[in-house]
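Chain by chain, the residues run as shown.
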Amino acid sequence: MIKCGNKNIKDNIKCIDEIDGEVECKISGSYNLGVIGRYNIIVEAIDSSNKSNNLVCIVPIYKKNIELNVKEKVIGPYYTEVIRNQNTIIVYGLDENNQYTKVVKVFACSTGRGGRTPTGTFYTTRGSEWGLLMGGVWGQYYTMITPSILFHSVPYYSKSKDNLEWQEYNKLGSEASAGCVRLSTIDAKWIYDNCPSGMRVRIYDGELPNGITKPTPIKIDPNSQFKGWDPTDPDLANPWRQM
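Residues numbered from 1 in each chain as written. Predicted model: local features only at pLDDT ≥ 70, side-chain atom pairs only at ≥ 80, totals over all residues. Heavy atoms only, no water.

This part takes up the side chain of Arg84. Tracing the backbone shows Arg84 in the loop between strand 7 (78–83) and strand 8 (88–94). Ignoring any residue separated from it by four or fewer positions in sequence, one finds Arg84 in contact with Thr111, Gly115, Thr117, Pro118, Thr119, Ile203, Tyr204 and Asp205. (Helix = DSSP H or I, 4+ residues; strand = E, 2+ residues; numbered from the N terminus. Contact = heavy atoms within 4.5 Å.)

Our focus in this paragraph is the pairing of strand 17 (residues 200–204). With 4 of 5 residues buried, strand 17 lies mostly within the body of the structure. The sheet contact formed by strand 7 and strand 17 spans 5 bridges and is parallel. Of the residues in strand 17, the one forming a bridge with Ile83 is Tyr204. Where strand 10 (residues 120–123) and strand 17 come together, 4 bridges link them in antiparallel fashion. When the sheet's bridge partners are listed, Tyr123 is paired in strand 17 with Arg200. (Buried < 20%, exposed > 50% of the residue type's maximum accessible area, 1.4 Å probe, protein only. Pairing = 2+ DSSP bridges.)

Next up on the list: the sheet that holds strand 17. Strand order in the open sheet formed by 5 strands is 9-8-7-17-10, and the pairing between neighbours is mixed. With partners counted over all chains shown, the strands left at the sheet margins are strand 9 (100–108) and strand 10, one partner each. Across the sheet, the axes of successive neighbouring strands diverge by a mean angle of 25 degrees, strand direction being ignored. Pairing of strand 7 with strand 8 involves 6 bridges; the strand directions are antiparallel. Following the sheet pairing, Ile83 is matched in strand 8 by Thr88. (Axes fitted to C-alpha atoms, helices over the stretch in contact; angles between N-to-C directions.)

Our next topic: the nonpolar core. Core analysis: the largest hydrophobic core is formed by 21 residues, its most contacted members being Ile89, Phe107, Ile145, Phe151, Leu183, Trp190 and Ile191. Among the secondary structure elements, those contributing two or more residues to this core are strand 7, strand 8, strand 16 (181–183), helix 2 (185–194) and strand 17. Top element by residues in this core is helix 2. It accounts for 4 residues. Excluding its chain neighbours within four sequence positions, the residues that come into contact with Ile145 are Phe122, Tyr123, Leu150, Phe151, Val181 and Ile203. Counting residues in hydrophobic clusters, the runner-up holds 10 residues, among them Trp130, Leu164, Trp166 and Tyr169. (Core = buried A, V, L, I, M, F, W, Y, C linked by side-chain atoms within 4.5 Å.)

Given below as structure tokens:
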């Protein structure tokens, strides 16, 4: 009987015949080891001597359907999706099967204007509590998606928590940045505090998953004396906390 074993689906499926030993093996079907899912792979083994026993069909070719299940590699407690056209971030945690299926957080964000935030799969690097951004402005609690694309708070004119670009803050939930993914301060801080380097981030365009609703960001009143502060900043000096 011809047996098909899988050591490496890319280039090392071997077909072993009990009479002839290793025989010619043809693999067809499409799969992508970088994408989670199930794929049907067909392996055709040539019985060169035509002497194998217990073949399902008495023909020189034995076909076997293989269901290939590509599972995600677990790196850290969380996996994050940025649904770019929805300006929404979903953070998933691990379920009982060690798969990222549990929705832990949903954030409204601002991605890049005109598609400036790249799509794809990336792995984060933890940044710092303050970072100097493009244009000479500052962001709180940044985490690097790529060397030039970050998660961070809405920008500040200077490295001071009372100098927020409040007009930009009021754009949360819509495209606004030069490419980075902006969040409210408390949401940027959550990622900074809880998501270690190496977290996988997938950025794509699509619909929100069933049951997921984008949060409605707080709006800052242009006439407020506190408009230089992010209302969500957990800093004890934040005057919004006293209201």
